[in-house]
Amino acid sequence: MNILVCIKQTFDTEAKITLDNGLVKEDGVQFVLNPYDEYAVEEAISLKEKHDGTVTVITVGPARSEEAIRTALAMGADEAIHVEDEAAFGDEFTASEVLAKVIQGLTYDLILAGNQAVDDGSGQVAARLAELLGIPHVATVVKVEVEGDAVVVHRDAEGDTEVISAKMPVLLTAQQGLNEPRYPSLLGIRKASKKPIEKKTLADLGLNPTDVASQVMVVETYLPAAKSSGRILEGETAARVQELLQELRQTSKVL
Amino acid sequence: MSRNVLVVADLRGSQFRNVTYEALGAATKMAEGGQVAALVIGFGVTDNAKMLGGYGAEQVYVADGEAYENYVPDHYLAALKAGVEEFQPQVVLLAHSAIGRDLGPMLAAHQKAGQASDVVNIEVVDGDVIYTRPIYAGKAFTKVKITSALAIATVRPNNLAAPENNGAEASVIALNVNLGTARTSVRELVKKAATGVDLTEAKIIVSGGRGVKSADGFKPLADLAGVLGAAVGASRGACDAGYADYSLQIGQTGKVVTPDLYIACGISGAIQHLAGMSNSKVIVAINKDPEAPIFKVADYGIVADLFDVVPALTSATQKFLAE
């Protein structure tokens, strides 16, 4: 079973966001493998352990993304493809068109990806990619089983669960709860440094920058206004609870 | 510049969710003389369709049939493509819900269109539609412009203003959809949303963290939620500890929510949780630890054991709402 996993390197979720000249500042930020992609990588590796095959991780991103690739390789992925080209870093349209071009030359049974990245939080790329490749997809899966040439998955749909089957090749996006990602072992980390990472540019993929130029333009980036700190209610429980209800109705008008 | 705007209705059963009206309000604002239409996809949804006229839809395209009883991406996409073909919009608005989040990018891929996801504000500036959306789960925001011929946006529930229903009725047009064979099939649907109030659209959320201590510890929170007509949420800590289902998780990993009232019980307030809820209108924090970071974003704080405060709040609320 050949499994491709699309990954992205993102800010750590505990990172504070600051701006410099209207742009999000990267200095001093710790980067991680996008948590949702980590579920995808874990699922790919455990499926490989059950059904054999190879796991290839693919990313589009700057040089620093290599650290996220190494994490995935240390967890147990076999090889990686890294599109490192300024012209390939755009919006979700750009990312999906580039990924589709990378994947069109590969053979695969399953594509896994996080259901969204914790930075842009759009959740667009995987669904776009499946359509560009002409394969079905199921989003936000929390359980995956392989049955012959098909997968049966459980999907989180706003709190309810849908059980869905689809023939491979199929693309699945990971939701939290899918699994418990493993920590890379020391041996895994050592092995990862020897695993191959194939670097690609747009030209290698036969794409022109204009083919994949962003269609969403950022006009402004800003931080939300800081909240002024609120009131701590004092006194007996009953009195505090009464005061809270009064405030919620009269001052805040939410009750 | 006038533009035609198609709003894809978001349904729970055969009822429209509020976000449908909110999107129609935004559509009317950005149409600037163009037409506003709605698209309703579902089973047994035709009777309700015309009432969308009251919220600004001049016509409503309907794809009604058993094929749409469950969400099957291929069938829904076929209906959406038929609607787009028929109405020729410049903008398609969907809800940022389980279905809209899935369907928007599929259409975008086929149309080579730009999409703004999880939009919390829409304005027209110098003739351009500007979409505001959170990044890093709301730790920052961007305003974006879409340059493709067709623009797609998914809008977050509870953020755009819904117009008053003026009682107008829209003309209803049944769509002719070439369905084909779906490549995925729904084997089973397990309903488990606890209170029946959806987290992302809830006006009030009662949420628990590690301080809730066990799955049973969520019981008093569910009781309070029941009295308030609220949804129950949880922090990552509570989910990781197995006290609550991951589908209830609120935070940068998990759901981002913006209710009118957010009641955080036994939640310390890690940055990743704050990202998911700090844009709520009013925040109440109940926590034993006066140093808990959650108090920094709370409008009202009660430093006490949640197992004393929450039951007291439940019975007081019951009386208060009955008055």
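Predicted model, so just to flag it, every value in this text is computed and none were measured. All residue numbers here refer to positions counted from 1 along the written sequence of the relevant chain. As a convention, the first chain written is A and the first ligand written is 1, with the rest following in written order. Given that this is a predicted model, residues contribute local features only at a pLDDT of at least 70 and side-chain atom pairs are listed and counted only at 80 or more, while totals for whole chains, interfaces and linings are drawn from all residues. With hydrogens and water stripped out, all remaining heavy atoms of the structure feed into the side-chain values.

Quick question: what am I supposed to make of the overall build of chain B here?
The secondary structure listing takes helices from DSSP runs of H or I that are at least 4 residues long and strands from runs of E that are at least 2 residues long, numbered from the N terminus. For chain B, the helix and strand inventory stands at 9 helices and 18 strands. Expressed along its principal axes, the backbone C-alpha trace of chain B runs to roughly 60 × 45 × 40 Å. Two residues form a contact once any of their heavy atoms are found within 4.5 Å. The long-range share in chain B, meaning contacts at least 24 apart out of those at least 6 apart in sequence, stands at 65%. Per-residue and other accessible areas follow the Shrake-Rupley method at a 1.4 Å probe size, with only the shown protein chains counted as cover for residues. On chain B, roughly 11800 Å² of surface is accessible, and the fraction owed to carbon and sulfur atoms is 48%.

Just to check I follow, could you spell out the overall build of chain A for this structure?
Counting its regular elements, chain A contains 7 helices and 15 strands. Every one of the 255 residues in chain A was classed for burial, and the buried ones make up 55%. Long-range contacts, defined here as pairs at least 24 residues apart, represent 69% of the contacts in chain A between residues at least 6 apart. Surface summary for chain A: the accessible area is close to 11100 Å², and the carbon and sulfur share equals 49%. Relative accessible area decides the class of each residue, using a 1.4 Å probe on protein chains only: under 20% of the type maximum gives buried, over 50% gives exposed, and in between gives partly exposed.

Can you help me understand the pairing of strand β6 (residues 54-60) of chain A in this one?
Each regular strand shows side chains that alternate between the opposite faces of the sheet. All names here are of chain A. Among the 7 residues in β6, 6 count as buried, and that is most of the element. Across 5 bridges, strand β1 (residues 2-6) lies against β6 in parallel orientation. Each residue of the ladder has a partner; that of Val5, found in β6, is Val57. Should DSSP find at least two bridges between two strands, the strands are regarded as paired. Bridge count between β6 and strand β7 (residues 79-83): 5 bridges; the pairing is parallel. The residue bridging Thr56 from the neighbouring strand is Glu79, located in β7. Once the chain exits β6 it traverses helix α2 (residues 66-75) before rejoining the sheet at β7, and the crossover so formed is right-handed. Crossovers are described as right-handed under a simple rule: with the strands pointing away from the observer, the path leading from the first strand over the helix to the second runs clockwise.

Any chance you could explain the sheet that holds strand β15 (residues 231-232) of chain A here in plain terms?
Hydrogen bonding along the main chain pairs the strands of a sheet, whether they run parallel or antiparallel. Taken in spatial order, the 6 strands make up an open sheet running β15(A)-β18(B)-β17(B)-β16(B)-β14(B)-β15(B), and their pairing is parallel. Strands with a single pairing partner mark the edges of an open sheet, and in this sheet they are β15 of chain A together with β15 (231-234) of chain B. Where strand β14 (residues 204-208) of chain B meets β15(B), 4 bridges bridge the pair, whose relative direction is parallel. Bridge pairing links Ser207(B) to Gly233(B) in β15(B).

Is there a simple way to explain empty space enclosed by the protein in this structure?
Empty space among the atoms becomes apparent when a probe as large as a water molecule is rolled across them. A cavity here means a set of 1 Å grid points, computed over protein atoms only, where a 1.4 Å probe fits but cannot escape. A pocket is an open set with protein on both sides within 12 Å along at least 5 of 7 lines, and lining residues have an atom within 4 Å of a point. Grid points are joined across faces, edges and corners, and a volume is the space filled by probe spheres set on the points. Applying the stated criterion across every chain, the model contains 4 cavities of 30 Å³ or more. Looking at the largest cavity, its volume works out to about 610 Å³. Looking at the largest cavity, it is lined by 42 residues, and the ones nearest its centre are Asn115(A), Gln116(A), His96(B), Arg101(B) and Gly254(B). Counting only elements with at least two residues in the lining of the largest cavity, the list comes to α4 (125-133), β9 (137-147) and β10 (150-157) of chain A together with α4 (98-111) and β9 (128-135) of chain B. Taken together, the residues of the lining of the largest cavity break down into 15 nonpolar, 17 polar and 10 charged. Mapped onto the domain boundaries, the lining of the largest cavity takes at least three residues apiece from domain 1 (5-174) and domain 2 (199-322) of chain B. Considered as a void within the structure, the second largest cavity measures approximately 60 Å³ in volume. Lining the second largest cavity we find His137(A), Val138(A), Ala139(A), Arg155(A), Glu162(A), Ile164(A), Tyr71(B), Val72(B), Pro73(B), Asp102(B), Thr184(B) and Val186(B). Of all the secondary structure elements, the ones that give two or more residues to the lining of the second largest cavity are β9 and β11 (160-167) of chain A together with β13 (184-190) of chain B. Ten residue types, Ala, Val, Leu, Ile, Met, Phe, Trp, Tyr, Cys and Pro, are classed as nonpolar, four, Asp, Glu, Lys and Arg, as charged, and the remainder, Gly among them, as polar. Where each domain begins and ends is defined by an automated method or by a domain database.

Mind showing me how you'd approach the interface of chain A and chain B here?
Where interface size is quoted, it is often the accessible area lost as the parts come together. Facing the 81 residues of chain A at the interface are 90 residues of chain B. Throughout, buried area stands for the accessible area (probe radius 1.4 Å) lost by two parts on being put together, summed over both. Of the roughly 7300 Å² buried where chain A meets chain B, counting both sides, 56% is carbon and sulfur surface. We define a salt bridge as a side-chain nitrogen of Lys or Arg found within 4 Å of a carboxyl oxygen belonging to Asp or Glu. Counting across the chain A and chain B interface gives 5 salt bridges. Here a polar contact is recorded for every N or O atom pair within 3.5 Å, except that within protein the pair must consist of a potential hydrogen donor and a potential acceptor, and residues adjacent in sequence are included only if both atoms are side-chain atoms. Remark: the boundary between chain A and chain B carries 40 residue pairs in polar contact (both at pLDDT 80 or more). With 10 residues, helix α7 (residues 237-250) of chain A is the single largest residue contributor to the side of chain A that touches chain B. For the side of chain A that touches chain B, the per-class residue count stands at 35 nonpolar, 24 polar and 22 charged. Examined bridge by bridge, strand β14 (residues 216-222) of chain A and strand β10 (residues 140-146) of chain B share 6 bridges and lie antiparallel to one another. Counterpart to Tyr222(A) in the pairing with β10(B) is Phe141(B).

Got a minute to help me understand the confidence of the model for chain B in this structure?
Regions with low pLDDT carry predicted coordinates that are not meant to be interpreted in detail. Confidence along chain B averages 95 in pLDDT terms, with 99% of residues attaining 70 or more. Here the complex is predicted with pTM 0.94, and the ipTM for its interfaces comes to 0.95. Per-residue confidence from the predictor is given as pLDDT, running between 0 and 100.

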